[in-house]
Amino acid sequence: AFGPGVPGAQAYHTSVTVDDTEFAFCMNGIIPGPPGHSHQCYASEPKVRYVGLSPVSGPDLLKNMGPYFLRGSYDLLRK
């Protein structure tokens with residue numbers, strides 16, 4: 001959990017790494033960067049889980065998911 005804290009609630013930050021590029025969703029939309037870049041601001045080490053392979057490339061991920069995660073659409077409680 002992170003942030004100011006709301007009793008009875010927790011929030012988690014997640015991202016996905018495809019072909020050595022991490023993709024994370026934030027106020028700027030989906031942002032690419034080196035693996036682990038979006039976790040650097042947190043005090044604890046990230047928990048990394050391998051969930052398998054995909055035929056989808058990083059550019060295809062951005063092309064197909066970008067319209068659903070636009071700049072300014074980040075909402076910690078709804079999305």
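Residues numbered from 1 in each chain as written. Predicted model: local features only at pLDDT ≥ 70, side-chain atom pairs only at ≥ 80, totals over all residues. Heavy atoms only, no water.

Here's the deal with the sheet that holds strand 1 (residues 15-18)
Then step 1. Reading across from one edge, 1-2-3 is the order of the three strands in this open sheet, with antiparallel pairing throughout. Only two strands of the sheet have a single partner each, and these edge strands are strand 1 and strand 3 (29-33). Between one strand axis and the next, the sheet turns by 25 degrees as a mean value, whatever way the strands run.
Then step 2. Where strand 2 (residues 21-26) lies against strand 3, five bridges are found, and the strand directions are antiparallel. Looking at strand 3, one finds that Phe25 is bridged to Ile30. (Pairing = 2+ DSSP bridges. Helix = DSSP H or I, 4+ residues; strand = E, 2+ residues; numbered from the N terminus. Axes fitted to C-alpha atoms, helices over the stretch in contact; angles between N-to-C directions.)

Here's the deal with the packing of aromatic side chains
Each aromatic ring pair is described using two quantities: the centre-to-centre distance and the angle formed by the ring planes.
Then step 1. Taken as a whole and judged by the stated rule, the model has two aromatic pairs.
Then step 2. Every member of this aromatic cluster is reached through a ring pair, and the members are Phe25, Phe69 and Tyr74. (Phe/Tyr/Trp six-rings, centres within 6.5 Å; stacked < 30°, edge-to-face > 60°.)

A few points about the side chain of Ser38
Then step 1. Considering the arrangement of structural elements, one finds Ser38 in the loop between strand 3 and helix 1 (58-65).
Then step 2. Taking the relative accessible area as the measure of exposure, Ser38 reaches 12% and is therefore buried.
Then step 3. A polar atom in the side chain of Ser38 sits 2.5 Å from the side chain of Glu22.
Then step 4. Beyond its immediate stretch of four places on either side in the chain, Ser38 contacts His13, Ser15, Glu22 and Ala24. (Buried < 20%, exposed > 50% of the residue type's maximum accessible area, 1.4 Å probe, protein only. Polar contact = N/O pair within 3.5 Å; in protein donor to acceptor, adjacent residues only side chain to side chain. Contact = heavy atoms within 4.5 Å.)

Side note on the pairing of strand 2
Then step 1. The sheet contact formed by strand 1 and strand 2 spans four bridges and is antiparallel. For Thr17, the partnering residue across the bridge sits in strand 2 and is Glu22.
Then step 2. Hairpin remark: strand 1 followed by strand 2, antiparallel, with two residues in the connecting loop; positive phi at Asp19, about 50 degrees.

Section: the confidence of the model for the chain
Then step 1. Confidence along the chain averages 82 in pLDDT terms, with 82% of residues attaining 70 or more.
Then step 2. Within the chain, the lowest mean pLDDT, 89, falls on strand 1, and the highest, 93, falls on helix 1. (pLDDT = per-residue confidence, 0-100.)

Some details on unusual backbone geometry
Then step 1. Although it is not a glycine, Asp19 sits at a positive phi angle of roughly 50 degrees.
Then step 2. Structurally, the position occupied by Asp19 is in the loop between strand 1 and strand 2.
Then step 3. At Asp20, a residue that is not glycine, the phi angle is positive and equals roughly 65 degrees.
Then step 4. Topologically, Asp20 is positioned in the loop between strand 1 and strand 2.
Then step 5. Judged by its relative accessible area of 65%, Asp20 falls in the exposed class.

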